[in-house]
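# What the coordinates show
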Amino acid sequence: RGATLPTDGPIGELLHYLDGLRGDDAALVDLAGELADLRRKLPDELMRGDDALALDDPGSLRGLLDEIQPLLLGRLMEESET
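Computed from a prediction, not measured in an experiment: that's the story for all the values here.

### So, the overall build of the protein
A count of helical and extended segments in the protein gives four helices and zero strands. Beginning at the N terminus, the succession of helices and strands in the protein can be written as α-α-α-α. For the protein, the residues scored as buried account for 21% of the 82 residues in total. When the accessible surface of the protein is summed, it comes to about 6,000 Å², and 53% of that surface belongs to carbon and sulfur atoms.

Shown next, in the form of structure tokens:
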């Protein structure tokens, strides 16, 4: 695609927020607390094993952000083009 991501507006703010969140362990701990309700609702199978979702671990959340950001941005960029 080769499109450059905007550095201002809503998408720019989202990028800035995600970058800041990745570098702030305290914010990731807060995020883990906010995800506690979601974690309790997920099936036990997702919380066990080598590929378990560790929604209470800042390092795991940082990795999930790395995976989610391209998907989220791709989706938002598609919608802004239509």
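### Re the environment of Leu-53
On the secondary structure map, Leu-53 appears in the loop between helix 3 (36-41) and helix 4 (58-81). Placed 11 residues apart in sequence, Leu-53 and Leu-64 show a C-alpha to C-alpha distance of 9.1 Å. Other than its neighbours up to four places away in sequence, Leu-53 contacts Leu-42, Leu-46, Met-47 and Leu-64.

### Some words on the side chain of Arg-22
Within the secondary structure, Arg-22 is located in helix 1 (residues 9-22). Of the polar contacts made by the side chain of Arg-22, one reaches the side chain of Gln-69; its length is 2.3 Å. If sequence neighbours within four positions are ignored, Arg-22 has contacts with Leu-28, Arg-62, Leu-65, Asp-66 and Gln-69.

### Looking at the side chain of Gln-69
Within the secondary structure layout, Gln-69 lies in helix 4. For Gln-69, a relative accessible area of 14% corresponds to the buried category. Apart from residues no more than four positions distant in its own chain, Gln-69 is found in contact with Leu-15, Leu-18, Asp-19 and Arg-22.

### Examining the pattern of salt bridges
Oppositely charged side chains can form a pair if their charged atoms are brought close together. Across all of its chains, the model carries four salt bridges by this definition. Its salt-bridge partner being Arg-22, residue Asp-66 comes within 2.5 Å of it at the nearest N-O pair. Placement of the pair is Asp-66 in helix 4 and Arg-22 in helix 1, with a sequence separation of 44 residues. Relative accessible area serves as the criterion here: at 16%, Arg-22 is assigned to the buried category.

### Observations regarding helix 1
A rise of 1.5 Å per residue sets the reference length of helix 1, with its 14 residues, at 20 Å; its end C-alpha atoms lie 20 Å apart and thus fit the reference within 8%. Along helix 1, the residues that are buried comprise Ile-11, Gly-12, Leu-15, Leu-18, Leu-21 and Arg-22.

Cut-offs and rules
- Residues numbered from 1 in each chain as written.
- Predicted model: local features only at pLDDT ≥ 70, side-chain atom pairs only at ≥ 80, totals over all residues.
- Heavy atoms only, no water.
- Helix = DSSP H or I, 4+ residues; strand = E, 2+ residues; numbered from the N terminus.
- Buried < 20%, exposed > 50% of the residue type's maximum accessible area, 1.4 Å probe, protein only.
- Areas by Shrake-Rupley, 256 points an atom, 1.4 Å probe, with all protein chains shown as cover.
- Contact = heavy atoms within 4.5 Å.
- Polar contact = N/O pair within 3.5 Å; in protein donor to acceptor, adjacent residues only side chain to side chain.
- Salt bridge = Lys/Arg side-chain N within 4 Å of Asp/Glu carboxyl O.
- Expected span 1.5 Å × (residues − 1).

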